[in-house]
Amino acid sequence: MATREQGKTGSGQSEGSSTIRLPADAYPVGLLPPTFEADYVAGVMAPFLLSSEFTGETPSLPMIDLALSKEKAVPPQLWGMLYKGWTPNPDEEGRSVFMQGYEGRGPNNERKKIYMSATSPDLIDTKYRGKIQRFYERFLADDHAGKPMMQNYFDNYFDLYWDLHVGATGDEIPAEVRQFSAGFNAVLGFWFPTSEEVRQAYVQARNTREALKAWLDVRVQAIIDGKTANADRTFVYYWLKNGGLGENFRRIDIIFECFHNFLALSQWGNTVYNVAAKLEPAHGDPNVRAWFEKTMNNGPDQSDGSPFTPLDRFTMELFRVISPNAGSLSVLQRRRALLGSEFSGIVTPHPAANMSPLHWTNPTEFDPDRYKTAPTSVDNDEARSREVGLARCPFSKEPFPVKDGRKVEMTNSAFGAVYSEIDGVAHPVVDTAGYAPFGFGYRRCAGEHLTVEFTKEFLRAVWKDKISFVKLDLEHPGKVPVNPGTVLNDDIAFRRAN
């Protein structure tokens, strides 16, 4: 069994070492390549091989029960990329709302509401949209037409990622930060730590993580000190203002969220590829293409009495049928275990809910108009709870007024889904178990609005510039990691009309 040794500091005090050493007779002789370091075997391979993951039930309500906890609900082989040691240390090194149980987030899911105060629709419209549009100008530039597009996507994505978080682009992003970004993304996509590719990427991420954290600390301080130009166009600015550096969003948590978000926002690349695949004339979906033309020709952003515009509805339906995030991972409360005791996780599936005939009369059809009448987070209140047979709201509807000067409150539905009210106007999300690409209830993706708008800008650019897509016949297409456990063939290119 691996033992964790304590190292001595010069002052005579001991501190936890990040080195795990195995006795000579404990090495997995003949099982793993000899190039796999002992630290990697003990800190990544052993937890991975001893862990279990199961598929859970498809919810009938848009809610995950609190018994399925989000507390440290992370595949155990990933901890070494997030923390100095090989196990989680959130109290001293920071934590993310995405890996914290409801009971630890402050009153009425406060940590989630603070996070989402930085991704509300008004900020997307006024502070972030220009950054997203400039990303697509680079990504869809003439020089890249006709070439496999996904590697080019990531060549530009990391600049957008850090620009949104801390206002850094180009040469402002150190080489070590880019190396961490690429390594982290590769580990997520290729996933299995038994492969040499993942081991090398993992080592790259660990070797550059401390430099990344130091750089982020400097960037956060610059925003605090008012030394960052246009700081109010970054997530960190709003986390600082609305969290107040309090217990429910500490400085170390802000830094941690900045790089943990590689996991949270990883679905963007997968979405771009699959939207392009749907629109590709020869191999795509003709019904999706027909709806796209209809949507864009008839006022995509017009108000037609629905809570969502036609382009909103088209984009939401793309997410329902593509489902780039396959499920919500929770920790099982173990009663008894023999083998596989390292980690037991359960996935509440998104595709099964999206396509369930329990929730839609036409689940297999591509039909954006389904969201004209779908229940929203505004509709799901105390009365709705009683209507479905509950005695009360499972989650108390409590507003969180932001502290950054805007007239914005973050509130939630009866089932826990957080949404914003801006200048007294609600900006809801569809709140039914049949719309699950962003999860359920209090566990819903905190970047949902931003992700939908990111995809809408892609669709607008495709329409405006008359871009089409073509599936390339490549003998050996590049392999591009885009999501946890998802590696795409880089075999789609875009073309511009002559």
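The structure we're discussing is the one just above.
Fair warning: this is a prediction, and the values are worked out from it, not measured in the lab. (Residues numbered from 1 in each chain as written. Predicted model: local features only at pLDDT ≥ 70, side-chain atom pairs only at ≥ 80, totals over all residues. Heavy atoms only, no water.)

Participant: Explain the sheet that holds strand β7 (residues 408–412) residue by residue, including any values.
Facilitator: Taken in spatial order, the four strands line up as β6-β7-β8-β9 in an open sheet, and their pairing is antiparallel. In this open sheet, the two strands that pair with only one neighbour each are β6 (400–401) and β9 (425–427). Two strands pair when backbone bridges link them, and β7 and strand β8 (residues 418–422) are joined in this way by five bridges, in the antiparallel orientation. In the sheet register, Met-410 faces β8, and the bridge partner there is Ser-420. (Pairing = 2+ DSSP bridges. Helix = DSSP H or I, 4+ residues; strand = E, 2+ residues; numbered from the N terminus.)

Participant: Tell me about helix α16 (residues 448–464), and please be specific about residues and values.
Facilitator: With 17 residues, α16 should cover 24 Å at 1.5 Å per step; its first-to-last C-alpha distance of 24 Å lies within 8% of that length. Buried residues dominate α16, accounting for 14 of its 17 residues. At the exit of α16 stands Lys-466, carrying a positive phi of roughly 55°. (Expected span 1.5 Å × (residues − 1). Buried < 20%, exposed > 50% of the residue type's maximum accessible area, 1.4 Å probe, protein only.)

Participant: Would you mind going over the pairing of β8 in detail, with residue names and values included?
Facilitator: Across the five residues that make up β8, a large majority, four, are buried. Between β7 and β8, which follow one another and run antiparallel, lie five residues, and Gly-416 among them has a positive phi close to 100°. Two strands pair when backbone bridges link them, and β8 and β9 are joined in this way by three bridges, in the antiparallel orientation. Bridge pairing in β9 places Glu-421 opposite Ala-426. Counting the residues in the hairpin turn of β8 and β9 gives two residues, including Asp-423, whose phi is positive at 50°.

Participant: Hey, could you go over the sheet that holds strand β5 (residues 343–349) for me, with residue numbers and the actual values?
Facilitator: A sheet is described by the order of its strands in space; here three strands give the open sequence β3-β5-β4, paired in mixed fashion. Of all the strands in the sheet, just β3 (51–55) and β4 (327–331) have a single pairing partner and so form its edges. With strand direction ignored, the average angle separating the axes of adjacent strands in the sheet is 25°. Note: β3 against β5, five bridges, orientation parallel. Looking across to β5, one finds that Ser-51 is bridged to Phe-343. In the packing of helix α1 (residues 38–50) onto the sheet, contacts are made with β3 and β5, and the angle to β3 comes to roughly 45°. (Axes fitted to C-alpha atoms, helices over the stretch in contact; angles between N-to-C directions. Contact = heavy atoms within 4.5 Å.)

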